[in-house]
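Geometric and topological summary
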Amino acid sequence: MYDAVDSFIAYIARVEGLAPNTVTAYASRLERFAAWCEREDVDARAADVRTVRSYLAELSRGQVAARTLAAHLSAIRSLYRWMAAEGIVEGDAVSAISSPKLPRDLPSVLTTRQVESLLKAPDISTPAGLRDAAMLELLYASGARISELAALNVESIAWSERTLRLWGKGSKERIVPLYRRALEATRRYIEEGRPHLLVQAKRVDSANGVHPLFISARGNRMSAAMLRRRFHMLAALAGIPADIAPHAMRHTFATDLLEGGADLRSVQELLGHASLSTTQIYTHLTPDRLKRAVSQAHPRGE
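Residues numbered from 1 in each chain as written. Predicted model: local features only at pLDDT ≥ 70, side-chain atom pairs only at ≥ 80, totals over all residues. Heavy atoms only, no water.

Brief notes about the side chain of arginine 194
- Examined against the element boundaries, arginine 194 turns out to sit in helix H8 (residues 180-200).
- Relative accessible area serves as the criterion here: at 5%, arginine 194 is assigned to the buried category.
- Here the side chain of arginine 194 touches proline 212 through a polar contact of 2.9 Å, landing on its backbone oxygen.
- Ignoring sequence-local partners within four residues, the contact set of arginine 194 consists of Val154, Tyr189, Asp205, His211, Pro212, Leu213 and Ile215. (Helix = DSSP H or I, 4+ residues; strand = E, 2+ residues; numbered from the N terminus. Buried < 20%, exposed > 50% of the residue type's maximum accessible area, 1.4 Å probe, protein only. Polar contact = N/O pair within 3.5 Å; in protein donor to acceptor, adjacent residues only side chain to side chain. Contact = heavy atoms within 4.5 Å.)

Take a look at the structure:
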């Protein structure tokens, strides 16, 4: 079983191009399942609904949360779907197991005043401040994940088209239009801030044609963790609660678009969601938009 798990993990990493953190999480869950099968003397290749339910029941007795149980089941389903496709097992009985029902937590969204305070927080008289200002403007303008922002290069921006090229989960590419203020903040950082950071770090720009957009005081590409720390520092300066994460900018981006009249399909495409149901959670945050839609479209809406 361990060999099958190793092969599957290699597949999702190299072929499907899943993010390293996702691959690590899958590996941990599936290795735990394989160890359980070995301990219980279960033939994992012949596992059925009863087998997996027994495993999930043991996890549940260990007070594993419903959301974590769902993640374990998702990993096991993916493994058996792949094994069936590879001919390692006959059929895919595991897919018949239903996931536990999970409460849908509404995402954190910033108010208009909080967004304005946050965007004004960087000290744009310094190179690092220009970088931070560009980071915040791009977060709000594109709905990008912080990991997607960390992967950006200077070449990711098409200035004439006013668009940004992002690489999301599973290495899926999407193009997002940018508003003028975001472009201006990013251009100023690239022209005035980024060169100073390179000089300060005594580093030369990349010679291979790829130039990381967000660089540290040492001239290196900033990781998602580094950008996240900068966000929290700026949020504190803006008086925003400490539990607000960079992802709140993505949620705010989506909610503001829907409040402004954007259709759900367009927002789905801009966010890079594979399923429309994922995007639909934002409709719970926009009752005013839904009320306007009924008022305008329903024959008796007045």
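Now that the structure has been shown, the text picks up again.
Concerning the packing of aromatic side chains
- A complete count under the given rule lists nine aromatic pairs for this structure.
- When the centroid spacing of 6.3 Å and the interplanar angle of 45 degrees are considered together, the rings of phenylalanine 8 and tyrosine 26 count as tilted. Within this pair, whereas phenylalanine 8 is found in helix H1 (residues 2-14), its partner tyrosine 26 is found in helix H2 (residues 20-39), the two being separated by 18 residues in sequence. The pair phenylalanine 8 / tyrosine 26 is uniform in exposure class, with both members buried.
- When the ring of phenylalanine 8 is compared with that of tryptophan 82, the centres are 5.7 Å apart and the planes differ by 55 degrees; the resulting orientation is tilted. Taken as a pair, phenylalanine 8 in helix H1 and tryptophan 82 in helix H4 (residues 66-86) lie far apart in primary sequence, 74 residues in all.
- Within the aromatic cluster, the residues linked to one another by ring pairs are Phe8, Tyr11, Tyr26 and Trp82.
- One Lys or Arg, arginine 187, reaches over the ring of tryptophan 159 and ends 4.3 Å from the middle of that ring. (Phe/Tyr/Trp six-rings, centres within 6.5 Å; stacked < 30°, edge-to-face > 60°. Lys NZ or Arg CZ within 6 Å of the ring centre and 35° of its normal.)

Points about the side chain of serine 142
- By the element assignment, serine 142 lies in helix H6 (residues 127-142).
- Residue serine 142 is classed as buried on the basis of its relative accessible area of 0%.
- Within the structure, serine 142 has its side chain in polar contact with the backbone nitrogen of alanine 144 (distance 3.2 Å).
- Contact partners of serine 142, with chain neighbours within four places excluded, come to Leu164, Leu166, Val176, Leu178, Phe253 and Leu270.

Some points on the sheet that holds strand E3 (residues 173-177)
- If you walk across this open sheet you meet the three strands as E1-E2-E3, and the pairing is antiparallel. A single partner strand is all that each edge strand has here, and the edge strands are strand E1 (157-158) and E3.
- Bridge count between E1 and strand E2 (residues 163-167): two bridges; the pairing is antiparallel. Looking at E2, one finds that isoleucine 157 is bridged to leucine 164. (Pairing = 2+ DSSP bridges.)

A few points about H8
- Under the 1.5 Å per step criterion, the end-to-end length of H8 is 29 Å for 21 residues, consistent within 8% with the ideal 30 Å.
- The axis of H8 is deflected most strongly, by about 40 degrees, at isoleucine 190.
- All of the buried residues in H8 are Ala182, Leu183, Ala185, Thr186, Tyr189, Ile190, Gly193, Arg194, Leu197 and Leu198.
- In this structure, the buried side of H8 is in contact with H6 and E1. (Expected span 1.5 Å × (residues − 1). Bend = angle between axes of the 7 residues up to and from the residue.)

Function-wise, these values are silent; they only describe arrangement.
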